[in-house]
Amino acid sequence: MINDLNLYLDACSTAPPLDLISNEVSRINDSLWGNPSSLHKYGLRASEIIERSRNEIANRYRIAPDQIIFTSGATESNYLSFKNGLEDCKPGRLVISSVEHPSVIYAAKSLEKKGWKIVLWPVDKYGIVKLEYIDELLSPPTKFVSLIWGQSEIGSIQPIDLISKECVKRKILFHTDATQVASQGLLPLDKFNFDFLSLSAHKFQGPIGIGMLIVGNRIFDMLSKKQKLDAQESSIRPGTQPASLISALSLAILNIKHKVIIDNKNTIFDNNPVSKITTEFRESLLRLEGISLIGHPTKRLPHHISILVANNRNNPIPSRVLVRLLSEKGIYVSSGTACSSSNLSDSPILEAIGIDKSFRQSVLRLSLGPWINFNELNLVPNILSDVIESVSKEMY
Ligand code: PMP
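Reading the values: the criteria
- Residues numbered from 1 in each chain as written.
- Predicted model: local features only at pLDDT ≥ 70, side-chain atom pairs only at ≥ 80, totals over all residues.
- Heavy atoms only, no water.
- Helix = DSSP H or I, 4+ residues; strand = E, 2+ residues; numbered from the N terminus.
- Rg over C-alpha atoms; globule rule 2.2 N^0.38 Å.
- Buried < 20%, exposed > 50% of the residue type's maximum accessible area, 1.4 Å probe, protein only.
- Contact = heavy atoms within 4.5 Å.
- Areas by Shrake-Rupley, 256 points an atom, 1.4 Å probe, with all protein chains shown as cover.
- Lys, Arg positive; Asp, Glu negative; His and termini not counted.
- Charge placed at Lys NZ, Arg CZ, Asp CG, Glu CD.
- Domains from an automatic or database assignment.
- Buried area = accessible area lost by both parts, 1.4 Å probe.
- Salt bridge = Lys/Arg side-chain N within 4 Å of Asp/Glu carboxyl O.
- Polar contact = N/O pair within 3.5 Å; in protein donor to acceptor, adjacent residues only side chain to side chain.
- Nonpolar A, V, L, I, M, F, W, Y, C, P; charged D, E, K, R; others polar.
- Near = heavy atom within 4 Å.
- 1 Å grid on protein atoms, 1.4 Å probe; cavity = no way out; pocket = protein on both sides within 12 Å on 5 of 7 lines; lining within 4 Å.
- Points joined across faces, edges and corners; volume = space filled by probe spheres on them.
- Pairing = 2+ DSSP bridges.
- Axes fitted to C-alpha atoms, helices over the stretch in contact; angles between N-to-C directions.

> Help me out: how do you make sense of the overall build of the protein chain in this one?
Secondary structure assignment for the protein chain yields 12 helices and 14 strands. The C-alpha atoms of the protein chain give 22 Å as radius of gyration, which agrees with the globular expectation for 396 residues (21 Å, within 12%). Once the C-alpha set of the protein chain is aligned to its principal axes, its extents read approximately 65 × 55 × 35 Å. Evaluated residue by residue, the protein chain yields a buried proportion of 55% over its 396 residues. Of the contacts formed within the protein chain by residues at least 6 apart in sequence, a portion of 72% connects residues at least 24 apart. Carbon and sulfur atoms make up 51% of the accessible area of the protein chain, which totals about 17,600 Å². For the protein chain, the distance from the average site of its 44 positive side-chain charges to the average site of its 40 negative ones is 4 Å.

Here it is, written out as structure tokens:
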């Protein structure tokens, strides 16, 4: 029965927490709620949980425990990368791609008033940075580059390995926002030249409100020399750490089963089971008249579908209306990025990839996860087609 549908297709906004995650948060909050900086029994127990979790995460990613800074999520990690990477530098040029998450744009803009010049790296029609700009943009006075690994609105994957190696070679600091990629497999952090990397637990079925900033070796050496290590998280993120969320984050990472492999321009999602289902589902949506894919057809997040929606006479259909009507039918999708759902202005990402203005409010994002029921998923194309038709009749 259609009325009974409960199909959550918005993994890129947040993913439903696993039962073991919710249980872990409650277990620790109930009995091990001490302030980890306290010197008595309650504090020591909370601090033990945090250090055990840090070690587990470090082992899993094959990095040093000290490289892990717990934060409240990727927004904060992004901000802290810019702050810690650039605070003591003489201002120069700062390069970010033209398809960054708003939190990276805000972080970069906050440095403009300190004299930093921000340059946007142009992208092709798929939202992938144009490699012909490497020499021009990765030369002096560029001191810092930030490049989103997997784009949340359009799904495209950047040639992260290639760009990060170029940055290291040219002694430029490199940050990547790995928030969306981190949910699709265990990141190869031991094989990757980054200075700062941001991720967030709630995208991989961990709790909301906890994330990590991973610092590369050369940054860690630089920061530990200059900073007094007398506040929490190596003074990079001072403040009381939430032991329950950190322990649940560690469990969520232990639960990631597949691997992400990087190879120069490519990111490979090894044996990712959601990938095949997403591709088949995408093909069934693209068979509907008026629907077209945005973002790269193959170099994309394996759980991500982003489509432009028009009627059969190619008139754009507003995605906010579609999201509401689909929600009434038990199908939960997103219009572009949830981070800006209250914002009615056009997405700069869609502008950067050359989507016509008349279509910029007509993008739907459907993102999948292992909780999906396939019988329900098969119903979506017909339901979407009916919804488009009814909206179209009212509008045109
Ligand atoms: N970066 C990207 C690419 C994202 O998709 C998101 C979440 N939508 C964020 C950063 C912000 O993450 P958080 O909610 O953990 O602050």
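> What am I meant to see in the side chain of Asn78 here?
With respect to the element layout, Asn78 can be found in helix α3 (residues 74-86). Residue Asn78 is classed as buried on the basis of its relative accessible area of 0%. When residues no more than four places from it in sequence are discounted, the contact partners of Asn78 are Ser103, Val104, Ala107, His175, Asp177 and Ser198.

> Hey, could you run me through the domain arrangement of the protein chain in this one?
When the domains of the protein chain are assigned, the result is domain 1 (2-17 + 265-395) and domain 2 (19-258). Once you take the C-alpha centre of each, domain 1 and domain 2 turn out to be 28 Å apart. Listed per partner, the contact involves 37 residues of domain 1 and 37 residues of domain 2. Between domain 1 and domain 2 lies a buried interface of about 2,900 Å² when both sides are counted; carbon and sulfur atoms form 60% of it. The largest contributions to the domain 1 side of the interface with domain 2 come from Pro17, Lys265 and Ile349, which together make up 21% of the buried area. Between domain 1 and domain 2 we count 0 salt bridges in total. At the junction of domain 1 with domain 2, the criterion picks out 20 residue pairs in polar contact (both at pLDDT 80 or more). Looking at the side of domain 1 that touches domain 2, the elements that each hand over two or more residues are β10 (266-270), β12 (304-309) and α11 (348-352). The dominant element in the side of domain 1 that touches domain 2, judged by the number of residues it contributes, is α11, at 4 residues. The residue makeup of the side of domain 1 that touches domain 2, split by class, is 19 nonpolar, 13 polar and 5 charged.

> What should I look at first to understand the site of the ligand in this one?
With respect to spatial proximity, 13 residues lie near the ligand, and among them Thr75, Asp177, Gln180, Ser200 and Lys203 are the closest. In the model, an oxygen atom of the ligand is placed 2.7 Å from a nitrogen or oxygen of the Gln180 side chain. One nitrogen or oxygen atom from the side chain of His202 is found 3.0 Å from an oxygen atom belonging to the ligand. Looking at side-chain class alone, the shell around the ligand contains 3 nonpolar, 8 polar and 2 charged residues.

> Explanation requested: the layout of surface pockets in the structure shown.
A probe as big as a water molecule, rolled over the atoms, marks out the empty space that is left. One number sums up the size of the second largest pocket: a volume of about 370 Å³. If you go around the second largest pocket, you meet 22 residues; those closest to its centre are Ser183, Gln205, Asn255, Ile256 and Pro370. Taken together, the residues of the lining of the second largest pocket break down into 11 nonpolar, 9 polar and 2 charged. Each of domain 1 (2-17 + 265-395) and domain 2 (19-258) gives at least three residues to the lining of the second largest pocket.

> How should the sheet that holds strand β6 (residues 173-177) be read in this particular structure?
One key point about sheets: their strands pair by backbone hydrogen bonds, in either a parallel or an antiparallel sense. Strand order in this open sheet of 7 strands is β2-β8-β7-β6-β5-β3-β4, and the pairing throughout is mixed. At either end of the open sheet lies a strand with only one pairing partner, and these are β2 (68-71) and β4 (117-121). Put simply, the sheet's adjacent strands are angled 20° from each other on average, direction ignored. Note: β6 against strand β7 (residues 196-200), 3 bridges, orientation parallel. Looking across to β7, one finds that Asp177 is bridged to Ser198. Across the face of the sheet, α3 comes into contact with β2, β3 (93-97), β5 (142-146), β6, β7 and β8 (211-215) while running at roughly 165° to β7.

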